[in-house]
Structure formats: structure tokens, C-alpha cells
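What the coordinates show
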Amino acid sequence: GDYLSAFNGIRVISMYLVIQGHTNALMAEAGATNILGAFAFANSWWAIVIGTGFYSVDVFFWLSGFLGGYLMLEMAKKRNGKLQNWFFIMLHRVLRLIPLYLATIFFFWQIMSMVGTGPVFFKYNEEYSGACSKYWWTHLLFINNFVPFHNDEQCMGWTWYLPNDVQFFALLPLLVVLLYKKRTIGMLVIAVLLLASFITSVVILQINEFGPSTFSIKESYYRVYYMKPYMRIPPFLIGIYVGLFLYSYRNDDSSESIIKRV
């Protein structure tokens, strides 16, 4: 409905931050003709804006949890607590992604290295697309945030978002049915998942001695921690909570619902 149209603006802003952040990251890898200029830029207000690009991914996870949770709850109400078969829900999700995803991988893997020139353009083949010959199949199975597990070879490494989103979405119908039929238990299950994610994240950070500074990130940080679902799921789960709140506000009787009264 129109009451959700504001999220289109949030999507646009978040997508801009994703594009801007990756553009600047790839430019930084190419080197700077004036290192003093690079330091001056790092101290500017614009660098702070670009730095917030890390959180734009969490915004998308939150949106996915919120919209998915809210719309599935509305669907469950129309079907008296029943959703479509889980397999067909997932099949629909995957089929929506695969065609364009495959076309993008093929272009990046086979064509991108031929469309540019320059002293650092070899990096596209050696560092970015070279691993596609080994790991292209992991994208079709949406497990490229886990495979390869023991090295940092990546085929379009920034696509780690998609397997996380699909893996989270696989949980969504189960959580929605639980929230619809046993709301308190469903909310407790989500809370337990949030707590488990927090504990796991802290343990992994401590074991690997990962620090908070983006200037001292170890190469394994992204593979071991940054792209893993057990670290990225909290915004998605919080989004489900907010979707439940909106659903309650629009459908519950205030005499029976604490959420509606709040």
C-alpha cells in the first residue's frame, strides 16, 4: 500500500551508498597520484558519508525482514494461518534472482576483462574474476558466502549479500507461521536467534583478534566474519519484529494485543 512507499526512498539512498562505497574502494586499490590528497579526502565530511556505506547493507537486510515478515503475516491471515508450500516460496525467490544473476556473472567472468585498458586493469582477471572458473557454481546454489571457506579467492566477492538474503528468507516462512499461531513463542525464538548471533560474533572477533579499525582489517576478516549469515542476520530479524508491529497495529484488537496498545 501507499503507507509503504517511503521505503522506495530508503532503497534509493541505500543503493547509492552501496555504489559509492564500492566505487571508492576500487579506486583506492588503483593507487593515488598524490598521497597527500588522499589523506585530505580521508579527513573530509564526504569520507564520513562514504564510510556509512557499510550500514546500507544492513538497511537492505532490515527491509527484507520487515517487508517479508509483514506481507507474509498478511498472507497468513487471508489463508487462516497457512502459507504456500515452503518449497514453492523458495523456488519463486530463486527463479526471480537466477536469470539476471547468471547474466551478470557471465559478463564479469568472460567479457569484462576485454572492455577496458590501463595499468591496473589486469586486476579484474587476476583478483576479481579469476576465481569464477572454480567457484561459479557456488552462486547457483547461493552458498558463495561459505565456499571457498579456507581461502580468500572470490568470484565477484561483493555478491556475498545474495546468499545471505536467500538463507535468511528460507527461515522467514517458518518464523512467520510461528508468529501467527504462537506469537509469544515466535518472538522468543527470534530473540534467541539474535542473542546467538551476538555471542557468535563476539567469539569470532576475539578468536581471530579482529579490531574495530577499517585501516587495520586483516584479509581474512571478510571471509571469516563480514559475509557470514550468523553475523549479518540481526537486522533481518529486527525487521521481522517491526513487520509484526505494523501487522499488529493494522489488524489486532487493542483489548487483546499489548503491541497494538503500545
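Up top you'll find the structure we're talking about.
All residue numbers here refer to positions counted from 1 along the written sequence of the relevant chain. Given that this is a predicted model, residues contribute local features only at a pLDDT of at least 70 and side-chain atom pairs are listed and counted only at 80 or more, while totals for whole chains, interfaces and linings are drawn from all residues. Only heavy atoms go into the side-chain values, all of them from the structure, while hydrogens and water stay out.

What about the packing of helix 5 (residues 86-111) against helix 8 (residues 161-181)?
The N-to-C vectors of helix 5 and helix 8 enclose an angle of 165°; their axes lie 9 Å apart at closest approach. Relative to helix 8, helix 5 is oriented roughly antiparallel. Considering how the two elements wind past one another, helix 5 and helix 8 form a crossing that is right-handed. On the side of helix 5, the interface is formed by Trp86, Ile89, Met90, Arg93, Leu97 and Tyr101, while helix 8 contributes Leu162, Asp165, Val166, Phe169, Ala170 and Pro173. Throughout this entry, Asp, Glu, Lys and Arg are counted as charged residues, while Ala, Val, Leu, Ile, Met, Phe, Trp, Tyr, Cys and Pro are counted as nonpolar. The remaining residues, Gly among them, count as polar. Across the contact of helix 5 with helix 8, the residue classes tally to 10 nonpolar, no polar and two charged. Fitted lines through C-alpha atoms give the axes, limited to the stretch in contact for helices. The angle between two N-to-C directions lies from 0 to 180 degrees. Helix and strand assignments come from DSSP, with helices taken as H or I runs of at least 4 residues and strands as E runs of at least 2, each series counted from the N terminus. Angle categories are assigned with fixed cut-offs, so that under 35 degrees is roughly parallel, over 145 is roughly antiparallel, 65 to 115 is roughly perpendicular, and the rest are oblique. Less than a right angle of anticlockwise turn of the near helix away from the far helix marks a crossing as left-handed, whereas a clockwise turn marks it as right-handed. Note on definitions: a residue-residue contact is assigned when non-hydrogen atoms from the two residues lie within 4.5 Å.

Examining the pattern of salt bridges
Every case where a carboxyl oxygen of Asp or Glu lies within 4 Å of a side-chain nitrogen of Lys or Arg is listed as a salt bridge. The tally for this structure, following the rule as stated, stands at two salt bridges. Measuring nitrogen to oxygen at the nearest pair gives 3.1 Å for the salt bridge that ties Asp58 to Arg232. Within this pair, whereas Asp58 is found in helix 4 (residues 53-78), its partner Arg232 is found in helix 11 (residues 229-251), the two being separated by 174 residues in sequence. Note on exposure labels: buried denotes an accessible area under 20% of the residue type's maximum, exposed denotes more than 50%, and partly exposed covers the range between, all computed with a 1.4 Å probe on protein chains only. Residue classification places Asp58 among the partly exposed positions, given a relative accessible area of 22%. Exposure remark for Arg232: the relative accessible area of 3% places this residue in the buried category. With its nearest N and O atoms 2.5 Å apart, the salt bridge here joins Asp165 to Arg93. Of the two residues, Asp165 sits in helix 8 while Arg93 sits in helix 5, which places them 72 residues apart along the sequence. Accessibility assignment for this pair places Asp165 and Arg93 in one class, buried.

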